[in-house]
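Residues per chain, in single letters:
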Amino acid sequence: YLMDFCDHGGSWLYGMCSDDTDGDDFTMLEVRSIYETVRADTGKIKLFDVIGYDECLMSDVSVDYDEMPYVGYICNSEDSIAGDGWEYNLVLEPITLNPNMGGEEAAFHVFQAYVDMYGTSGSLSTMSIINTTVFYHDLVPAINNLAQKGMHEISGYTTDLQNCANNAMDWQ
């Protein structure tokens, strides 16, 4: 139904679920291996209705792309997670009261609990819901199209791209 990862996150590059005792993190490749093992053991294609990341910096196209085959909805943040993270009593109460709700509604409750706890303004209010079907059908082709155009036309935009990179805000 709902899988939640919590602790420190760092997107595809830095991994997630930091173990402060030995400095080891899950990599996204390790997570994919876990999912594939669960798939083989259960025969299920979609493993979860919702995967949540109560971790910083996990709303990233590369993370969402990797999760897409295993889940219907992803709840994650592109910035730091506020305070002590998700307020689990707010997340789980509506799901406990209605355990037959669908993935979209459950994902909304994760999102709403975060908003109720931390508000909607400021740098720590970036919780999102990714519908993996829409992501696959709409965003992935657009990214591929952009990449194809970029590969063929990039040399004419080198100065513009460097200027954009130099003037972009740092994410942390």
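Residues numbered from 1 in each chain as written. Predicted model: local features only at pLDDT ≥ 70, side-chain atom pairs only at ≥ 80, totals over all residues. Heavy atoms only, no water.

### Thoughts on the packing of aromatic side chains
Reasoning step 1: Counted under the stated rule, the structure contains 6 aromatic pairs.
Reasoning step 2: Here the aromatic rings of Y35 and Y70 are separated by 4.8 Å at their centres, their planes lie at 45 degrees, and the arrangement is tilted. Here the residue Y35 occupies a position in helix α2 (residues 28–42), and Y70 occupies one in the loop between α3 (61–67) and β5 (71–77), the gap between them amounting to 35 residues.
Reasoning step 3: For Y35, a relative accessible area of 2% translates into the label buried.
Reasoning step 4: One aromatic cluster in this structure is built from Y35, F48 and Y70. (Phe/Tyr/Trp six-rings, centres within 6.5 Å; stacked < 30°, edge-to-face > 60°. Helix = DSSP H or I, 4+ residues; strand = E, 2+ residues; numbered from the N terminus. Buried < 20%, exposed > 50% of the residue type's maximum accessible area, 1.4 Å probe, protein only.)

### Topic: unusual backbone geometry
Reasoning step 1: Despite not being glycine, D7 has its phi angle at roughly 115 degrees, a positive value.
Reasoning step 2: Here D7 shows up in the loop between β1 (2–6) and α1 (11–14).
Reasoning step 3: A relative accessible area of 34% means that D7 is categorised as partly exposed.
Reasoning step 4: Backbone geometry at S11 places phi at a positive 65 degrees, although glycine is not the residue there.
Reasoning step 5: The topology assignment puts S11 in helix α1.

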